[in-house]
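Structural description and commentary
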Amino acid sequence: MKYIALSLLVLTGFSVQAATIKAVQCGSKFVRVKDDKFMLLERCGAPASSERISGDANDVTERLYYKLPNKAPLIFTIKQGKIAQIEELR
């Protein structure tokens with residue numbers, strides 16, 4: 001189910017606009033670009049879906065899809081355990 005949601009998101013990506021942002025509020029705390037994945041999971045919880053894009057054990061790139069309450073859907077790109085990019089889908 002997780003992969004279906006992300007696949008549909010990717011397939012319809014041409015009709016969805018994304019804005020790159022620097023930080024997101026999860027509850028009373030923020031996560032920012034360059035924060036580590038552990039902090040993202042701790043503050044925002046588990047993603048609705050995730051996808052490993054590329055890499056081996058030492059150099060992994062993954063995308064995590066979040067649908068947080070009262071916010072547009074978000075995609076976090078994680079490279080080497082750190083948030084490299086945050087996209088807000090519109």
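Residues numbered from 1 in each chain as written. Predicted model: local features only at pLDDT ≥ 70, side-chain atom pairs only at ≥ 80, totals over all residues. Heavy atoms only, no water.

**Examining the pattern of salt bridges**
Keep this limit in mind: We define a salt bridge as a side-chain nitrogen of Lys or Arg found within 4 Å of a carboxyl oxygen belonging to Asp or Glu. Only protein chains enter the accessibility calculation, which uses a 1.4 Å probe. A residue is then buried if its area is under 20% of the maximum for its type, exposed if over 50%, and partly exposed in between.
Enumeration over the complete set of coordinates arrives at three salt bridges. The closest approach of N and O atoms between Glu 88 and Arg 90, which form a salt bridge, is 3.4 Å. Residue classification places Glu 88 among the partly exposed residues on the basis of a relative accessible area of 22%.

**Details of the state of the cysteines**
We apply this condition: To count as a disulfide, a pair of cysteine sulfur atoms needs to be within 2.5 Å. Put simply, DSSP H or I for four residues or longer makes a helix, DSSP E for two residues or longer makes a strand, and each gets a number counted from the N terminus.
In the structure shown here, the tally under the stated rule is one disulfide. Note on cysteine connectivity: Cys 26 is disulfide-linked to Cys 44, with sulfurs 1.8 Å apart. Judged by the sign of its S-S torsion, about 80°, the bond between Cys 26 and Cys 44 is right-handed. Here Cys 44 lies in helix α2 (residues 37–44) and Cys 26 lies in strand β2 (residues 23–26), a separation of 18 residues in the sequence. Taken as a pair, Cys 26 and Cys 44 share a single burial class, namely buried.

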